[in-house]
Amino acid sequence: EALGATLTALPERVERPAMVPLGKLALFPGTLRHTNEVTVLLGENLFALRSASQAVGIAERRAEFVAAQVQSLKEEVRELGSELEKLGAQ
């Protein structure tokens, strides 16, 4: 949700002020430019440059996929737990 809000807000301005890291301990003021461009991991070290709105869609689809996988695994754990109870009762 936070990622979607950030990606939606980024293209509102062309430049944004930011504190830019210089090494591990130092920060200096700078600007972020081209804030509508986001590099997205497609898989196996393959990246693509996408707009912020496209990146929001990708993030939402990935979140839906992960939620479905979590639900599936919870059901599998529940089924295995009931099988274990049946075996323990015998």
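Values in this document were obtained by computation on a predicted structure and should not be read as measured data.

This paragraph deals with the overall build of the protein chain. A count of helical and extended segments in the protein chain gives 2 helices and 4 strands. Element order for the protein chain, N to C, with α for helix and β for strand: α-β-β-β-β-α. Expected size for 90 residues packed as a compact globule is a radius of gyration near 12 Å; at 21 Å, the protein chain overshoots this value by more than 25%. Based on the C-alpha atoms only, the size of the protein chain along its principal axes is roughly 70 × 35 × 25 Å. Going through the 90 residues of the protein chain one by one, you find that 14% of them count as buried. The contacts of the protein chain with a sequence gap of at least 6 include a subset with a gap of at least 24, amounting to 16%. Of the charged side chains in the protein chain, 10 are positive and 12 negative, and the gap between their average positions amounts to 9 Å.

This part takes up the pairing of strand E2 (residues 26–33). Pairing of strand E1 (residues 15–22) with E2 involves 8 bridges; the strand directions are antiparallel. By the bridge assignment, arginine 16 is partnered in E2 with leucine 32.

Under the criterion given, the structure shown has 2 salt bridges. Across the pair arginine 33 and glutamate 15 runs a salt bridge whose closest N-O atoms are separated by 2.9 Å. Separated by 18 residues along the polypeptide, arginine 33 in strand E2 and glutamate 15 in strand E1 bring together distant segments of the chain. The exposure class assigned to glutamate 15 is partly exposed, which follows from its relative accessible area of 39%. Among the ionic pairs, glutamate 83 bridges to lysine 86, the shortest N-O distance being 3.9 Å. Within this pair, glutamate 83 and its partner lysine 86 are both found in helix H2 (residues 52–89), separated by 3 residues, close to a single helical turn.

Even without being glycine, glutamate 44 reaches a positive phi, approximately 50 degrees. Phi angles above zero are rare outside glycine, and asparagine 45 is one such case at about 65 degrees. Considering the arrangement of structural elements, one finds asparagine 45 in the loop between strand E3 (37–43) and strand E4 (46–51). Under the relative-accessibility criterion, asparagine 45 is labelled exposed at 69%.

Reading the values: the criteria
- Residues numbered from 1 in each chain as written.
- Predicted model: local features only at pLDDT ≥ 70, side-chain atom pairs only at ≥ 80, totals over all residues.
- Heavy atoms only, no water.
- Helix = DSSP H or I, 4+ residues; strand = E, 2+ residues; numbered from the N terminus.
- Rg over C-alpha atoms; globule rule 2.2 N^0.38 Å.
- Buried < 20%, exposed > 50% of the residue type's maximum accessible area, 1.4 Å probe, protein only.
- Contact = heavy atoms within 4.5 Å.
- Lys, Arg positive; Asp, Glu negative; His and termini not counted.
- Charge placed at Lys NZ, Arg CZ, Asp CG, Glu CD.
- Pairing = 2+ DSSP bridges.
- Salt bridge = Lys/Arg side-chain N within 4 Å of Asp/Glu carboxyl O.

Note that every value here comes from positions in space, so none of it alone points to a role or purpose.
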